[in-house]
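Residues per chain are reported as follows:
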Amino acid sequence: MTAPARRLTLPVEGMTCASCTGRVERVLQRVPGVQAVAVNLATGRATIDLTPDNDPTALAAAVADAGYAVPEAVSELAVEGMTCASCTGRVERVLEAVPGVREASANLATGRVTVRHPAGLVSPDALAEAVRDAGYEPRPVTAQADAPVAPREADTLARDLILAALLSLPVVVLDMGSHLGGHGILPEVWNAGIQAVLATLVLAGPGRRFFVRGLPGLVRGHPDMNALVALGAGAAYLFSLVATLGPGLLPAGAAHIYFEASVLIVTLILLGRTLEARARGRTGAAIARLVGLAPKTALVLRDGAETEVPAADLQVGDRVRVRPGERLPADGRVVEGTSRIDESMLTGEPVPVAKGPGDTVTGGTVNGTGALDIAVERIGADTALAQIVRMVEAAQGAKLPIQAVADRVTARFVPAVLALALLTFLAWLAVAPAPSLGEALVHAVAVLIIACPCAMGLATPTSIMVGTGRAAERGVLFRSGAALQALEDVRVVAFDKTGTLTEGRPRLTDLIPAPERPGTARPDTGFDPDTVLAAAAALESRSEHPIARAVVAAAAEKGLGLPAVSDFAAVPGHGVTGRAGGRAVAIGAARHLAGLDLSGLAPHAERLAGQGRSPVFVALDGVPAAVLAVSDPVKPGAAEAVRALAGQGLAVALVTGDDRRTAEGVARDLGIATVLAEVLPAGKRDAVRALRERHGAVAFVGDGINDAPALAEAEIGLAIGTGTDVAVESADVVLMAGDPAAVAEALRLSRAVMRNIRQNLFWAFAYNVALIPVAAGVLRVVGGPSLSPILAAGAMALSSVFVVGNALRLRRA
């Protein structure tokens, strides 16, 4: 009987007409197993009935071969039960085996897995089933699931730890009593029997998790840390049980009991996991604080009355009243009132910002002493706070290139430990004096317990979580975890000028009309300063460039009426053209007015540029009419930022499209030696390549649309958060405050995080390399110490706690 076909719905990008849909339908119908296809141009989707035994990835390949694309989707799963690096590796492998999955990345610290696949080809149920088959419990990442997992896990572990400790204490007391002389405080048979009962309760109760999760993985051939604990504690328990119930089955003199070892292994490892879970809860504190910034309720003005409603029920267009000291419930714009807003949660800047009618405000920020009425413009997932949380979560869930080494080692680590434990058991069985069975068992169990890959799995993600969270609190948002590692290798920092090193709010300082040419007559109105300014401002009102805003503001201050504009066109890096009041107008740099005789205005432009001002030429009806000068003040922290970068041994460069003399004047004031001026947007990309050849890895800092190519080309792009959306989307790091000093802080944080990761990885590996031989009894052979299973359990637990504790030091970075 043929299995029923499953229905898939694929988004298809690039379809523009009916012939496109026909082509997509034809190529999909030729894919093996496809029973029916329907392509909808309006929705941009293809619906396919595919038999279950066929690979759905062939559908995406067929669409791509036809010249269209199936966009990539990202699915997230929360996975319970991952306890070590071998767990994350196992989860990644089973998910990557799901047809259609391109990449899976599991994060031990967050307990989440990110899966990349063509949109529509992989169902959440298929991912969940794969995780469940691997022995773990999946759950969707929903608003409820987003609540911190670590505190809940720590509470559960703490309860089990207390129970295990209470049950283990009598076992330890009885065991110690038996060594005090004679039969101790109870007859030997009662002593061993009570220990057996209590040990059974410990392993079947608090210790059950190790057997339930570890043994199935061992049977499947994919053992993890739980399998090591289950084998170690289980071997000690079973040996002791045989010694208690059937001592005759063991060699003479070998019937020793190790119940105390089995229960203390479970108790100490539960202690380590509890401490680790508590610490991991603190690593995600930055996210929790960010989420907690959004108020639960809002005061909405409806029909002239104030109504308190849940903030989640706000709609775009609602008018919200924010009283002094309250947090803003959503992003919006001030419509009434004035106040000062504390935006430190976004920017890290402690000084409140003045806000009045027309100013934008951000949800989660704190109102000062004035009352404000806000028109809501963005709610829910669209707010700046929600976007920041998503960016921080994405960075915290990422894997750094440095983690690849640990992943390769841990993929083979647990099987290697099992082999070493078996080898240790056989070696001691052969060389130890009779009866050697007990000695061999003790050393084999110690090897199983000491060699846990927990610390290796936590070494990188915990540092990333704490580091990116700390950076977010300081107004530095890493859009990806990999940016942390790449930023460490930067050797030169290149700055854009306008809006990055300068305020980005220039003002018009000069307007010099063109001189009358000898032997010609010009109408006075043609070169009248107000007429030139009005025509220039009319055109510049269509532009978002900071210089354009200065020209428009100057015309507004003089109360000039602006003529109607038509045929407007902007040439990035050059200027603008169009018609204002029927006259042809061209505004821009000298290269924009190529072919016109600017000799009468050029000396003025040179003089103004030498004073650090930006000269802009204006032509009316094809005749040079005036030169304007705009001054953009340098940001207060710019010079300090350049000094801080130089102090870190980095080269600093200025890359700008502005006039060379203006750029050199700013660079001179800031102490920047390398200046690349009059660079077009495409040329900025070439400038980044040139700096890379001269110095090494480049970090580019910019804020405008024309910076996007350079931000994308550089090893690391840092966008000023107050800049354009295009710049922010092209960057790897966003500096929310707009302060160039944050560049040096981002570099320091990057280096601190990478140093912390290397420390963690070193100790995680060194711990195993140093203590596995000790646990195996290598030193015992030459008269040195050995490591009991109990001490091995304690040391293993402390290794994970050490790694997480070391990562938490970054909270003070």
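Source: prediction; values computed, not measured.

Conventions used here
Residues numbered from 1 in each chain as written. Predicted model: local features only at pLDDT ≥ 70, side-chain atom pairs only at ≥ 80, totals over all residues. Heavy atoms only, no water. Helix = DSSP H or I, 4+ residues; strand = E, 2+ residues; numbered from the N terminus. Buried < 20%, exposed > 50% of the residue type's maximum accessible area, 1.4 Å probe, protein only. Contact = heavy atoms within 4.5 Å. Areas by Shrake-Rupley, 256 points an atom, 1.4 Å probe, with all protein chains shown as cover. Pairing = 2+ DSSP bridges. Patch = residues over 30% accessible without salt bridge, like charges linked within 9 Å, V, L, I, M, F, W, Y side chains within 5 Å. Salt bridge = Lys/Arg side-chain N within 4 Å of Asp/Glu carboxyl O. Phe/Tyr/Trp six-rings, centres within 6.5 Å; stacked < 30°, edge-to-face > 60°. Axes fitted to C-alpha atoms, helices over the stretch in contact; angles between N-to-C directions. Parallel < 35°, antiparallel > 145°, perpendicular 65-115°, else oblique. Left-handed = near helix turned anticlockwise from the far one by under 90°. Nonpolar A, V, L, I, M, F, W, Y, C, P; charged D, E, K, R; others polar. Disulfide = S-S within 2.5 Å. UniProt positions renumbered as here; feature names shortened; annotations may be inferred. Core = buried A, V, L, I, M, F, W, Y, C linked by side-chain atoms within 4.5 Å. pLDDT = per-residue confidence, 0-100. Expected span 1.5 Å × (residues − 1). Lys, Arg positive; Asp, Glu negative; His and termini not counted. Charge placed at Lys NZ, Arg CZ, Asp CG, Glu CD. Polar contact = N/O pair within 3.5 Å; in protein donor to acceptor, adjacent residues only side chain to side chain.

Describing the overall build of the protein chain
Working step 1: What the protein chain contains, in helices and strands, is 27 helices and 29 strands.
Working step 2: Sorting the 813 residues of the protein chain into buried and exposed places 51% on the buried side.
Working step 3: Of all intrachain contacts in the protein chain linking residues separated by at least 6 positions in sequence, the fraction that spans at least 24 positions is 69%.
Working step 4: On the protein chain, roughly 34800 Å² of surface is accessible, and the fraction owed to carbon and sulfur atoms is 58%.

Here's the deal with the pairing of strand S8 (residues 297–302)
Two faces make up the sheet, and in a regular strand the side chains alternate between them.
Working step 1: Judged from the 6 bridges that link them, S8 and strand S9 (residues 305–310) form a sheet pairing that is antiparallel. Each residue of the ladder has a partner; that of Val300, found in S9, is Thr307.
Working step 2: As consecutive antiparallel partners, S8 and S9 are separated by 2 residues, and within that stretch Asp303 has a phi angle of approximately 55°, a positive value.
Working step 3: Where S8 meets strand S10 (residues 319–322), 2 bridges bridge the pair, whose relative direction is antiparallel. When the sheet's bridge partners are listed, Val300 is paired in S10 with Val320.

Observations concerning a nonpolar patch on the surface
Working step 1: On the surface, Leu422, Leu426 and Leu429 cluster together into a nonpolar patch covering about 270 Å² of accessible area.
Working step 2: Relative to the assigned elements, Leu429 resides in helix H13 (residues 403–431).

Examining the packing of aromatic side chains
Working step 1: According to the stated counting rule, one finds 3 aromatic pairs in the structure shown.
Working step 2: Look at Trp763 and Phe802: their rings are 6.0 Å apart centre to centre, the planes differ by 75°, and that puts the pair in the edge-to-face class. Of this pair, Trp763 sits in helix H25 (residues 741–776) while Phe802 sits in helix H27 (residues 789–808), and the two are 39 residues apart along the sequence.
Working step 3: We classify Trp763 as partly exposed; its relative accessible area is 46%.
Working step 4: The structure contains a cluster of three or more aromatic residues connected by ring pairs, namely Phe762, Trp763 and Phe802.

Re the packing of helix H8 (residues 225–245) against helix H14 (residues 437–450)
Working step 1: Running from N to C, H8 and H14 point in directions that differ by 160°, and their axes come no closer than 8 Å. With respect to H14, the axis of H8 lies roughly antiparallel. Of the two possible hands of crossing, H8 and H14 adopt the one that is left-handed. Where H8 abuts H14, its residues Leu228, Val229, Leu231, Gly232, Ala235, Ala236 and Phe239 lie against Leu437, Gly438, Leu441, Val445, Leu448 and Ile449.
Working step 2: Across the contact of H8 with H14, the residue classes tally to 11 nonpolar, 2 polar and no charged.

What to know about unusual backbone geometry
Working step 1: Positive phi is not limited to glycine here, since Asp567 has a value of about 55°.
Working step 2: The exposed category is assigned to Asp567, whose relative accessible area is 57%.

Section: the sheet that holds strand S11 (residues 331–336)
Think of a sheet as strands paired side by side through backbone hydrogen bonds, with each pair either parallel or antiparallel.
Working step 1: Strand order in this open sheet of 6 strands is S9-S8-S10-S16-S11-S14, and the pairing throughout is antiparallel. Looking at strand neighbours, the two that pair on one side only are S9 and strand S14 (360–361), the edges of this open sheet.

Brief notes about the state of the cysteines
Disulfide: a covalent bond formed between the sulfur atoms of two cysteine residues.
Working step 1: Using the criterion set out here, one finds 0 disulfides in the structure.
Working step 2: Among the cysteines around Cys17, which has no disulfide bond, Cys20 carries the closest sulfur, lying 3.6 Å off.

Observations concerning helix H21 (residues 660–670)
Working step 1: If you check which residues of H21 are buried, you get Thr662, Ala663, Gly665, Val666, Ala667 and Leu670.
Working step 2: Residues of H21 that are buried in the fold lie against helix H19 (602–610), strand S23 (614–620), helix H20 (638–647), strand S25 (651–655) and strand S26 (674–676).

Some points on the pattern of salt bridges
Working step 1: Taken as a whole, this structure holds 26 salt bridges when the rule is applied.
Working step 2: As a salt-bridge pair, Glu336 and Arg319 come within 2.7 Å of each other at their nearest N and O atoms. Taken together, the residues Glu336 in strand S11 and Arg319 in strand S10 connect sequence positions 17 residues apart.
Working step 3: Its relative accessible area of 45% is what places Glu336 among the partly exposed residues.
Working step 4: With a closest N to O distance of 3.3 Å, Asp331 and Arg378 form a salt bridge.

Some remarks on the UniProt feature "transmembrane region" (unreviewed entry) in the protein chain
Working step 1: As recorded in UniProt, the sites labelled "transmembrane region" (unreviewed entry) are residues 227–249, 255–272, 413–434, 440–460, 761–783 and 789–808.
Working step 2: From the first C-alpha to the last, residues 789–808 spans 29 Å; its make-up is 100% helix and 0% strand.

Observations concerning the sheet that holds strand S4 (residues 72–80)
Working step 1: Ordered in space as S5-S6-S4-S7, the 4 strands form an open sheet in which the pairing is antiparallel. Among the strands making up the open sheet, the edge pair consists of strand S5 (103–107) and strand S7 (137–140). The sheet shows a mean angle of 30° between the axes of neighbouring strands, direction not considered.
Working step 2: As judged from the 4 bridges shared by S4 and S7, these two strands associate in the antiparallel manner.

Details of the nonpolar core
Working step 1: Within the largest apolar cluster, 153 residues are counted, with the highest numbers of intra-cluster contacts made by Leu59, Leu95, Val493 and Leu718.
Working step 2: When residues in this core are grouped by element, the largest group, 17 residues, is from H25.
Working step 3: Not counting the four nearest positions on each side in its chain, Leu59 is found in contact with Leu8, Leu10, Leu28, Val31, Val34, Ile48, Leu50 and Leu121.

Regarding the packing of H14 against H27
Working step 1: Remark: H14 packs on H27, axes separated minimally by 8 Å, with the N-to-C direction vectors making an angle of 5°. Relative to H27, the element H14 is oriented roughly parallel. Note on element contacts: H27 touches H14 through Pro789, Ala792, Ala793, Ala795 and Met796, opposite Val442, Val445, Ala446, Ile449 and Ile450.
Working step 2: In the contact of H14 with H27, the residues fall into 10 nonpolar, no polar and no charged.

Things to note about the environment of Ala375
Working step 1: Relative to the helices and strands, Ala375 resides in strand S16 (residues 372–378).
Working step 2: Residue classification places Ala375 among the partly exposed positions, given a relative accessible area of 23%.
Working step 3: Once residues lying within four places of it in the same chain are set aside, the contact partners of Ala375 are Asp318, Asp331, Gly332, Arg333 and Val335.

Concerning the confidence of the model for the protein chain
Working step 1: Per-residue confidence for the protein chain gives a mean pLDDT of 81; residues scoring 70 or more make up 88%.
Working step 2: At the level of individual helices and strands, the protein chain shows its lowest average pLDDT in helix H24 (residues 725–730), which scores 54, and its highest in strand S18 (residues 492–495), which scores 92.
Working step 3: Predicted confidence is poor over residues 143–148, with pLDDT under 50, and the contacts of this stretch with residues over four places away or in other chains come to 6 contacts.
Working step 4: Predicted confidence is poor over residues 518–526, with pLDDT under 50, and the contacts of this stretch with residues over four places away or in other chains come to 9 contacts.

Overview of the environment of Thr662
Working step 1: Position of Thr662 among the secondary structure elements: in helix H21.
Working step 2: Judged by relative accessible area, which is 0%, Thr662 ranks as buried.
Working step 3: Remark: the alpha-carbon pair of Thr662 and Gln611, spanning 51 residues in sequence, is separated by 7.3 Å.
Working step 4: Not counting the four nearest positions on each side in its chain, Thr662 is found in contact with Ala609, Gly612, Arg613, Ser614 and Pro615.

A short note on helix H1 (residues 18–29)
Working step 1: Here H1 spans 17 Å end to end across 12 residues, near enough to the 16 Å set by a 1.5 Å rise per residue.
Working step 2: Buried residues along H1 sit against strand S2 (34–40), strand S3 (45–50) and helix H2 (57–65).

Quick notes on a positive patch on the surface
Working step 1: Together, Arg755, Arg809, Arg811 and Arg812 make up a region of like positive charge exposed at the surface.
Working step 2: Along the chain, the position of Arg811 falls in the segment after H27.

A short note on the environment of Thr267
Working step 1: Note that Thr267 resides in helix H9 (residues 259–283).
Working step 2: For the pair Thr267 and Ala793, spaced 526 residues apart in the sequence, the C-alpha separation amounts to 8.8 Å.
Working step 3: In contact with Thr267, not counting residues within four places along its chain, are Leu161, Ala164, Ala165 and Ser168.
Working step 4: In terms of polar contacts, Thr267 uses its side chain to reach the side chain of Ser168, at 3.0 Å.

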